[in-house]
Amino acid sequence: MSQRFTQQPCCYLAPSSTHRPVPPPTLQRLTPPRPTTSYSTEKMFRVRKAPSEEHTLANFAYVNKADFDATQIKHIRIDPGPAHHYIFSIRNDPSIKQGEIAFGVPHRKWAVLSLDQEIRVSPFTFQSSEYIGSIVLSADFNAKKNVTSEPLNADLMAREFSMQFGGQAFTKGMRMAFRFEDKEKNKTHTLSLTVKSIEGFDINKAAIAASGGGTADDNKPKPIEHGELLPNSGIVFDKEEGSMLNLIGKSKGKSAYRSIINPNWDLQQMGIGGLDNEFSNIFRRAFASRILRIHTARMREYNKLDPNVDLDELSKRTKNFSGAELEGLVRAAQSSAMNRLVKAGNKAEVDPDAIEKLMINPGDFEHALENDVKPQFGRSDDALNRFQSWGMTVWGPEINDILSKGDLSVSQVRNLKARGFKSVLIVGEPKTGKTSLAAQIARNSDFPFVKVVSQEEMIGLTESAKCMALKKAFEDAKRSKLSLLLVDNIDRLIDYSPIGPRFSNPVVQTLLVLFNTLPPPGHRLLVLVTSSSYTFLKELGFLDVVSRVIEVPRLSTPEQMVRVIQETNNYTDEQILEIERNLRSLVEETRLKIGVKHLLELVEEANESQPEYQVTSLLEEIEAVATK
Ligand SMILES: Nc1ncnc2c1ncn2[C@@H]1O[C@H](COP(=O)(O)OP(=O)(O)OP(=O)(O)O)[C@@H](O)[C@H]1O
C-alpha cells in the first residue's frame, strides 16, 4: 500500500441545506511534503470593504481573479507592517478591481487594516503539520440588539461551522462573523467569534508513525498558530468573558475535552478522497492510540496515575509555570480525581473504596489547567482581550501610525544585543483608546512574557505594599529573556488627583527607580505605560526616563465618528446616513472631538432606548458632549 496520498482531486461534501449558499471549499490534496510559503508573486494591494454582508460572513478576503486566481491559490498572507502578518483564505469577486483586496469588518479589525491602506500580499500554503485537529472559538453576540438568553446549541453550531468553513485558514486571535440557523426553532443567530487556540497535527508524520516509523511524538497534536480547517476538525465553543450567550451541548465550554479525531473519522467525508480503506484504518488507529500520558513519581509509584497522562505534553503546556505552580497543578488534579469519589447527597459521602479507586486521569489535569492554576509568568492573553472589548476600529491612518511606532519599539528591544530596556508612554485624553492600543502593541510583539500591571490588582493595598507589588512585577519581567510589561493607567497607580494636586510620592519614586534599572545581561524588557496626564508626568520627571512618547488623538471628523459607529453593527444603512448628516453639522458648529471609547460608550447607552429612538438618543448624547 502506498503511503502517499493519491493524486485525484478531492471533494468536500457540501451540506444538504444551509441557510445561505456556502461555496463548496475545495480541500487541498495532501501530498507530503507540502511546500512552504512562496513570495514569488508578491503584490501590493489597496484595502477595500467586503462588497456585502454575505461576503463578510463567508470569511474570505476577496481579490480580482487577474491578481490571484482562487482556483490555484487558496490562501494568502498579508504583511500590513514589518512585524506582523495575517493569513486569509481567498475568493475571487468580479466587483473587486485589480490591485484591490476586500475584507469584512471583523477581519479588518483583527488585522488592524484601514480602508485604502496599501498592503503587501503573497500566496500562502500551509505545511503538512498545519492541519487543524481541534479549534477553540470564543463566541459572543455580534451586536447588542441580537442578544437573547435562549440557549444556543453548541453542537449544532459546531456542525454548521465545519460545513461553512471547511478548507479555510484559521489563525489564533482571528476574529470573524458566524451566522447559523437553528432549524428546530426556526431562528437565525449571528455571532462574533475569536479563535482562542488551535491544535494541529502533521498528517504525513502521523501516517508514517501509524506504520511503525517515526517517533512517538509524531502523532501527537501540537498547539499551532494557524492551520487549515478540515470538515472533521474538532470544534469547541467557549463563551466570551462577560457574554450573555447561553451555550448548551457537548461542543461548549472550557471543560469540554474533545478528541482530536472523533470516532467517525472518515477520510472520504473529510474530502480527502481516493484513499484506500487500509490506509484509512491505519490513519484512524494512529490517532485512536494517542492520548495523553503523564506521570509524576509519587503517583506512579502508588499506581494512581492513569497511564494515559503524558508528562511531556503537559510540560510543554506549562513551560511558564514555576515549581510551586506545577506542584499546585498536580495537587489540583488530585483533588479533581478525589471529587469523583465523593457522593453528593444531603450529606457528602466518600466512597469506602476511594483509596483503591483513586486514579488521576488526563481530564483531571485538563480541569486543573483550565480552572485552578494559572501561571504567574507567561502571557496575560485574557487581560489583553479584556482591554479590547469592542475590538479595534481603524478609524484613520493615525491608528496604523501608532501601531507602527509601537512595533518599532518592539523590534528595537528584540534586536538589542546584550541587555535592554525601553519604555513607551502612550498618552491621550481620557477614553481615547490608550490601553486598547497598548494591548494591541503587546499582542503584536509576540513576546513570550507579557504581563499587565493595573490598579485593579492593587485595590486595598497600602502604599508600601503597592511599591512591593510593582517591584515584584518588574523583577518577574526581568527574569524572562524577552518581556513586555503593560503598566496601565499610571495616573491611578500613583493615586494622582489634579485637585491639589495630590499623588503617592513613594509609588512615584519606586517607579522612577524601576524605570532606571536595566535588566540583567541577556535579558530584554519593553514597558508600555498609559496615561491621561502628560503635563503632570512631565513635571514629575517621567518623560526623562521613557524612551518614546506616543500620542493617541480623539476623533475629530464626522467620517471617523461614523466609521466607529458603523462598525458596531447597530444601525441600518439609512440610520447611518442620518447620523452622518447630523454629525457633519454638529462637528462644523462645535469642533467636537471625542475619544473612541467615549463614543462607543454613548452608542451602548443609546441602545438601551426603544429601537425607534436609538438614533435620536445617540445624536443627543453626542451633542451633549459637544456642547459641554
Ligand atoms: N481604534 C481603536 N483604538 C483604541 N480602542 C478602540 C479602537 N477601536 C475600538 N476600540 C475600543 O475602545 C475601547 C478603548 O478603551 P480603552 O480602555 O483602551 O481606553 P482608554 O483611553 O485607556 O480609557 P481610560 O482613559 O478610561 O483609561 C476598547 O474597548 C476598544 O476595544
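Structural data are supplied above this passage.
Since the model is a prediction, treat every value here as computed from it, not as a measurement.

Undergrad: Any chance you could break down the pairing of strand 20 (residues 524–531) for me, citing the residues and the numbers?
TA: With 8 of its 8 residues buried, strand 20 lies for the most part within the structure. Judged from the 8 bridges that link them, strand 17 (residues 420–428) and strand 20 form a sheet pairing that is parallel. Among the inter-strand pairings, isoleucine 426 is bridged to a residue of strand 20, identified as threonine 530. Here strand 19 (residues 482–487) pairs with strand 20 via 6 bridges, running parallel. Within strand 20, the residue paired with serine 483 across the bridge is leucine 525.

Undergrad: Tell me about the site of the ligand, residues and numbers included.
TA: Inspection of the region around the ligand gives 21 residues, with Gly391, Thr393, Lys434, Thr435 and Ser436 positioned closest. Between tryptophan 390 and the ligand, the recorded distance is 3.0 Å, taken from a backbone N or O atom to an oxygen atom. Between an oxygen atom of the ligand and a main-chain N or O atom of serine 436, the distance comes to 2.7 Å. Coverage of the ligand by the protein chains reaches 91% of its 640 Å² of free accessible surface. Taken together, the elements giving at least two residues each to the shell around the ligand come down to helix 13 (434–445) and helix 21 (596–606). The biggest single contributor to the shell around the ligand is helix 13, with 4 residues. Residues that form the shell around the ligand fall into these classes: 9 nonpolar, 9 polar and 3 charged. Three or more residues apiece are contributed to the shell around the ligand by two domains, here domain 4 (381–552) and domain 5 (558–626).

Undergrad: Outline the environment of isoleucine 550, supporting the account with residue identities and numerical values.
TA: Relative to the assigned elements, isoleucine 550 resides in strand 21 (residues 548–552). On a C-alpha basis, the gap between isoleucine 550 and valine 427 in space is 6.2 Å, while along the polypeptide they are 123 residues apart. If we skip the residues at most four places from it in the chain, isoleucine 550 touches Ile402, Lys405, Gly406, Val424, Leu425, Ile426 and Val427.

Undergrad: Before we move on, can you summarise unusual backbone geometry with the specific residues and values?
TA: Although it is not a glycine, valine 112 adopts a positive phi angle of roughly 50°. Looking at where valine 112 falls in the secondary structure, it is placed in the loop between helix 2 (105–110) and strand 6 (118–124). In this structure valine 112 comes out as buried when scored by relative accessible area, which is 5%. Residues other than glycine seldom take positive phi values, yet asparagine 569 does so here, at roughly 65°. Summarising the element assignment, asparagine 569 is placed in the loop between helix 19 (558–566) and helix 20 (573–590).

The rules behind each value
- Residues numbered from 1 in each chain as written.
- Predicted model: local features only at pLDDT ≥ 70, side-chain atom pairs only at ≥ 80, totals over all residues.
- Heavy atoms only, no water.
- Buried < 20%, exposed > 50% of the residue type's maximum accessible area, 1.4 Å probe, protein only.
- Helix = DSSP H or I, 4+ residues; strand = E, 2+ residues; numbered from the N terminus.
- Pairing = 2+ DSSP bridges.
- Near = heavy atom within 4 Å.
- Polar contact = N/O pair within 3.5 Å; in protein donor to acceptor, adjacent residues only side chain to side chain.
- Areas by Shrake-Rupley, 256 points an atom, 1.4 Å probe, with all protein chains shown as cover.
- Nonpolar A, V, L, I, M, F, W, Y, C, P; charged D, E, K, R; others polar.
- Domains from an automatic or database assignment.
- Contact = heavy atoms within 4.5 Å.

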